[in-house]
Structure formats: structure tokens, C-alpha cells
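# Notes for the structure review
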Amino acid sequence: MSELFIVYRENDADSELLADYYLQKYDLDGSNKIGVPCSLTEILPSYADFQSEVENPIKAIIDADTSVIVLGMNVPGGFYDGGDVISSTSRISRINHTFSKKMLNPLFDRKEMLEYDNQALNVALICSRIDGPNLESAKAIIDNGENLKNQIYMNGAFILDPYATVTNSKEEQYREDLLYAANNSIPRTNVTLISTILIDPYLDPVVPYLQKDSIYWGWFQDRSTESFFRNTDTQRIFFYNADFDGAFSVRDLDSETWCRLALNGGYATCAGAMSSPTTDGYLRPTPFVESLIKGFSIGEAYIFSSLYLDWTITLFGDPLNTVSFRYAVPSSR
């Protein structure tokens, strides 16, 4: 099965153990893993370094059938390009194409697509990252994804925080995008929707903590604590907070950025920015939810909800995870 590869750091026992652990979940063997001669640096200093240590060794192994690439433990999460940090998953999704920073994504909100076919793969492969401060935490991400396969339907709430302090027209538009999803696409999943409510335009309503949750989508607030993720008996599926550096590091055990906290809090997948994606670069909820309703995987839905490629946002977790809604209303889009 050359469609899927997981990448590990050469001569790194934990990294290779994680790769083997992931492959076992799909009954795959060592022919589906790629060792790369990379450093332990989470963010490399340049694209040239990333090409040498990660991109070129992967490109030498994959073939025309490859559709999914997972970057494993201790593989660099990105590289600097001027003042931006380019996500390794965003770049590797475009591995068959020349690097073009902040390229408009032809697959964004493709309403008519019913499958992630060869045409889509020619634009972007499905790519994600599984990493953490230690082997145990990285394995837990895989385990959380495995648990989703045993949960037939999403059993927790969709938590939405559409409100933040708006200072310009692009931020106002993003708030409207979130409210549109709250009134249109999310209700068609027929899952419980819990949303913050704007009572005072001068106060930013906040979600105090998460419990009984399965999906979270918010923005602006850029830091939290582990206590935000309370124990729950629901499957935590996907977490996204639109901010400027929520994915900067998932290896720092003391980091209070959202992606590390969410993965540590039991989420199977999450997305976040390595550096500012700009407001128009935030993921959009409507194409994401519409894609899940159609049966696309989380990795595919993530691509459909990304306005730009070769950019800063990273997807974490198993991209093959899927979400089922018991009483979803089929899309008419």
C-alpha cells in the first residue's frame, strides 16, 4: 500500500517506534515508513534546510500512488521564510509542486466535489503531523484517533465561540463566517451546538472550560491552561482556535498554546498556525462541516477549509479519521 507513508527521524528510536505504532493500526509494515536525516529542531531556519532534511528524502521515496503522508515524532514542524513560519504539513501536501508561499487553494470550498480524487490529489496530498513532548503523548494522539473508529457517531457537543474583539473588516467577516456556520451548516449535523452569546459589544464572551465536547471552533484568545479541558466521557474529535501561533510548538511540555493543550486534553485531531496566517488565512467552518457531512475524512475537510497552501496552518493527528453524525441532513450545496 504505497498510498500512505509515515515519516520518522533516522536513528531516533522513539520516532521509529511511533511510526511502527501508527502503521500497526492499519496492518501496514515497514515499507510504508520513510526515514529522514533531520535534526531535532522543531522549526528549521530556512526552506533550504527543510528541503535537505525532510522534503527531498520524502520525495525520493513516494510515488504517483501516494495520497497520504503523516509526519511523525521529532520530524520538523516547519521552517522560517522571512517573518513567516511555513507549516511542514502544508508544504509537504504540495511536495509535487514548487514552493509558492501563501498560494490560493483551488480546492477551497469545492462544493461540487464528492470524493478526494486524483484531480484533488494533484493539487494537494493529505498531510498531517503526529508529535509531542514524549513518545507516550504522541502515541496517545494515535490512540484517541483509534477510539473514534469505535464510536459510531459523534457523541459530544459542537462548541462554537464566534465572538472576539473586532478591529477591522476582515475580522468582522470572519465573525460573520462563524455565525453563518452556526445558523446553517452546523445545525444540519443535528448534534448539540453550544455557542457563546454576545450580550455587551464591549465585552468578549468566553468559553470557561470544555466538557461533553467533541468539536471546538473559536478564535482570538491565544493562550489557555490544561484546566480548560475537563474530563469528559465524549470523544474529542477536532479542535481549532484561529490565532497567530497556536501550533508554534507541541513539543514544549510547558507551552500554553492551543494545539499542545488540545492534544494533551484528548483531542484526536486539531489545527493551528505556526505564525500569523492573517485573518483571511484562518480555516473556515462551513466547508469543513459540509465536507464531514459528505463523508470526507478530517484531513480532506481540512484542505477544503484552507484558503491558502504552502502557508502557516498545521493539521495534527491521523488525517484518516472520520466523523459520523447520526441524524445529519445531506448537503444540497
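Presented here is an overview of the structure given in this document. (Residues numbered from 1 in each chain as written. Predicted model: local features only at pLDDT ≥ 70, side-chain atom pairs only at ≥ 80, totals over all residues. Heavy atoms only, no water.)

Here we come to the packing of helix H1 (residues 13-25) against helix H5 (residues 135-150). At a closest axis distance of 10 Å, the pairing of H1 and H5 adopts a crossing angle of 10°. Our classification of the angle between H1 and H5 gives roughly parallel. Contacts between H1 and H5 pair Asp 14, Leu 17, Leu 18, Tyr 21, Tyr 22 and Lys 25 from the former with Leu 135, Ala 138, Lys 139, Ile 142, Asp 143 and Glu 146 from the latter. Broken down by class, the residue content of the contact of H1 with H5 amounts to seven nonpolar, no polar and five charged. (Axes fitted to C-alpha atoms, helices over the stretch in contact; angles between N-to-C directions. Helix = DSSP H or I, 4+ residues; strand = E, 2+ residues; numbered from the N terminus. Parallel < 35°, antiparallel > 145°, perpendicular 65-115°, else oblique. Contact = heavy atoms within 4.5 Å. Nonpolar A, V, L, I, M, F, W, Y, C, P; charged D, E, K, R; others polar.)

With burial as the criterion, each face of strand S8 (residues 126-129) is covered, one bearing Ile 126 and Ser 128 and the other bearing Cys 127 and Arg 129. Here strand S4 (residues 68-71) runs beside S8; their pairing, made up of four bridges, is parallel. Along S8, the bridge assignment pairs Leu 71 with Arg 129. (Buried < 20%, exposed > 50% of the residue type's maximum accessible area, 1.4 Å probe, protein only. Pairing = 2+ DSSP bridges.)

With that out of the way, let us pick up the sheet that holds strand S6 (residues 84-87). Across the sheet, which stays open at both edges, the three strands sit in the order S3-S5-S6 with mixed pairing between neighbours. Two strands close off the open sheet at either side, each with one partner strand: strand S3 (43-44) and S6. Where strand S5 (residues 78-81) lies against S6, four bridges are found, and the strand directions are antiparallel. By the bridge assignment, Tyr 80 is partnered in S6 with Val 85.

Once that is clear, we can look at the nonpolar core. Membership of the largest hydrophobic core comes to 107 residues, with the highest contact counts inside it found for Ile 58, Tyr 116, Trp 217, Phe 238, Phe 239 and Tyr 240. Setting aside anything within four residues of it in sequence, one finds Tyr 240 in contact with Tyr 174, Tyr 216, Trp 217, Gly 218, Ala 271, Gly 272, Tyr 282, Leu 283 and Ile 313. (Core = buried A, V, L, I, M, F, W, Y, C linked by side-chain atoms within 4.5 Å.)

A separate point is helix H6 (residues 169-183). End to end, H6 covers 21 Å across 15 residues, agreeing with the expected 21 Å (1.5 Å per residue, within 8%). Along H6, the residues classified as buried are Glu 171, Tyr 174, Arg 175, Asp 177, Leu 178, Leu 179, Ala 181 and Ala 182. Contacts made by the buried residues of H6 are with strand S9 (157-160), strand S10 (193-195), strand S11 (213-219), strand S12 (238-242) and helix H8 (285-294). Sitting at the head of H6, Asn 168 places a side-chain oxygen 3.1 Å from the backbone nitrogen of Lys 170. (Expected span 1.5 Å × (residues − 1). Polar contact = N/O pair within 3.5 Å; in protein donor to acceptor, adjacent residues only side chain to side chain.)

Of note, Asn 105 is situated in the loop between strand S7 (103-104) and helix H4 (118-123). The exposure class assigned to Asn 105 is buried, which follows from its relative accessible area of 6%. Ignoring any residue separated from it by four or fewer positions in sequence, one finds Asn 105 in contact with Val 123, Ile 303, Ser 306, Leu 307, Tyr 308 and Leu 309.

Another point: the pattern of salt bridges. Applying the stated criterion across every chain, the model contains 22 salt bridges. Across the salt bridge formed by Lys 101 and Asp 81, the nearest N and O atoms sit 2.8 Å from each other. Residue Lys 101 is found in the loop between helix H3 (88-93) and S7, and its partner Asp 81 is found in strand S5; the two are separated by 20 residues along the sequence. The partly exposed category is assigned to Lys 101, whose relative accessible area is 33%. The partner of Lys 101 in a salt bridge is Asp 84, and the shortest N-O contact between them spans 2.9 Å. Of this pair, Lys 101 sits in the loop between H3 and S7 while Asp 84 sits in strand S6, and the two are 17 residues apart along the sequence. Beyond isolated ion pairs, a larger network of salt bridges with shared partners links Glu 42, Arg 129, Asp 131 and Arg 251. (Salt bridge = Lys/Arg side-chain N within 4 Å of Asp/Glu carboxyl O.)

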